[in-house]
Amino acid sequence: MIDLTPDLLLPFIDEARLAPSVHNIQPTRWRIDEKRLCLLGDPARVIPVADPNGRDWRLSHGASLEGLGLALSQRGLKLHNVTRHDQGALPGPDGLIPVAEVSLISAGIEKPVTEPVTTRMSWRGKFAAPDREAAKALEDLASSRDDLEIVSDRSMLRVIASMADQAGLQFLRDPDHRRELLHWMRLSPAHVDYDLDGLNARAMNLSRPEAWAAGLVLGPLFRALDAIGLAKPLVSEAGTNRSAAALVLLHRPGGEDPLISGCAFYRSWLAMERFGLSACPVSVLADWQPSRDALAQRHGVPQGREIVSVFRVGKPASAPTIKHTRLPTNALLV
């Protein structure tokens with residue numbers, strides 16, 4: 001086993017922090033405990049309304065753990081003897097919740113695949129019209145993993161886009177859900193955490209006027225707009241979803257620990273990037289039971305498997321600006 005020191009770990013954590021997390025809340029912390037590295041969860045970084053069972057919170061930790069493993073693999077190391085703590089683990093004396101513990105060992109002489117970790121991002125803009133290159137990329141993606149179902153039929157994309165709007169509206173009609181969402185949105189560059197965490201206007205592809213309007217629509221004006229039928233078109237993402245080359249359903253074994261699902265979530269997103277497809281999760285489709293069930297039944301998800309996430313994918317209609325909004329690395333090793 002490798003002796004652990006802050007100097008050794010910080011470069012790996014610097015890369016692992018680029019892993020996605022729900023609402024970009026970044027709940028993962030790391031601590032050295034002799035020769036073991038502890039993955040800890042910050043209970044102040046949760047979304048209890050949107051994620052009451054902590055599934056997405058734990059999935060986010062899984063993505064971070066996978067990110068750490070990917071960073072290690074590029075330097076001849078790998079994770080070893082991973083111990084997972086139960087989802088109901090109690091906080092320690094420092095208030096952080098134990099999630100997992102790992103050791104680090106040499107990986108030998110294997111040459112790892114280089115993943116597009118530093119260029120992966122959520123593309124929230126529209127996509128270019130699907131072409132043969134995009135179709136080939138989708139074929140390659142489908143053959144690379146056995147936990148993905150790809151929906152590219154244009155008529156079905158229109159149906160699913162409408163379903164996503166319906167699901168989103170169900171959640172937004174809950175004032176607590178809107179309040180929690182707004183808490184993690186950074187709609188103005190003046191926000192103290194604009195470049196640190198949450199969903200900022202740049203990441204959401206919003207201009208300043210659009211960001212200002214989003215704060216009003218999701219905040220004080222929502223109920224009135226909803227009462228006269230204007231909320232639905234104002235929050236709709238149907239056009240963006242319809243523009244995708246495909247929607248990709250990530251399904252995992254029923255009852256799988258979300259920590260493991262989170263590793264697969266990150267790996268599948270990186271695969272999309274590797275094949276030249278930009279992606280963005282359409283979380284409401286996986287979070288709303290009616291849409292999750294309908295997608296599983298209509299699109300070939302095997303029995304005993306559950307949809308963990310849905311992505312819209314394609315070639316961006318304009319050049320993405322890659323800028324990661326992340327907490328500083330030294331704040332993550334406690």
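Above: the structure in question.
Bear in mind that the values here come from a model prediction, so they are computed numbers and not experimental data.

Rules used throughout
- Residues numbered from 1 in each chain as written.
- Predicted model: local features only at pLDDT ≥ 70, side-chain atom pairs only at ≥ 80, totals over all residues.
- Heavy atoms only, no water.
- Phe/Tyr/Trp six-rings, centres within 6.5 Å; stacked < 30°, edge-to-face > 60°.
- Helix = DSSP H or I, 4+ residues; strand = E, 2+ residues; numbered from the N terminus.
- Buried < 20%, exposed > 50% of the residue type's maximum accessible area, 1.4 Å probe, protein only.
- Patch = residues over 30% accessible without salt bridge, like charges linked within 9 Å, V, L, I, M, F, W, Y side chains within 5 Å.
- Areas by Shrake-Rupley, 256 points an atom, 1.4 Å probe, with all protein chains shown as cover.
- Salt bridge = Lys/Arg side-chain N within 4 Å of Asp/Glu carboxyl O.
- Core = buried A, V, L, I, M, F, W, Y, C linked by side-chain atoms within 4.5 Å.
- Contact = heavy atoms within 4.5 Å.

Draft legend 1. Quick look at the packing of aromatic side chains. Tallying each qualifying case throughout the model produces 3 aromatic pairs. Geometrically, the ring pair formed by F265 and W269 is edge-to-face, given 5.8 Å between the ring centres and 80 degrees between the ring planes. Taken together, the positions of F265 and W269, both in helix α10 (residues 258–274) and 4 residues apart, correspond to about one turn of that helix. Between F265 and F311 the ring centres are 5.3 Å apart and the planes differ by 25 degrees, which places this aromatic pair in the stacked class. Of the two residues, F265 sits in helix α10 while F311 sits in strand β10 (residues 305–314), which places them 46 residues apart along the sequence. Taken individually, F265 and F311 each receive the classification buried, so the pair is uniform in this respect.

Draft legend 2. How the structure looks around a nonpolar patch on the surface. Together, I228, L230 and L234 make up a nonpolar patch on the protein surface, roughly 300 Å² of accessible area in all. Tracing the backbone through its elements, the reader meets L230 in the loop between α7 (222–227) and α8 (231–235).

Draft legend 3. Summary view of the nonpolar core. With 21 residues, the main nonpolar core has L9, F12, W30, L37 and L68 as its most contacted residues. Put simply, the parts of the chain that give this core at least two residues each are α1 (6–16), β2 (36–41), α2 (55–73) and β4 (97–106). When near neighbours in sequence (up to four residues on either side) are disregarded, F12 contacts L68, A71, L72, R75 and L77. Among the nonpolar cores identified, the runner-up in size contains 19 residues, and A246, F265, L277 and A279 belong to it.

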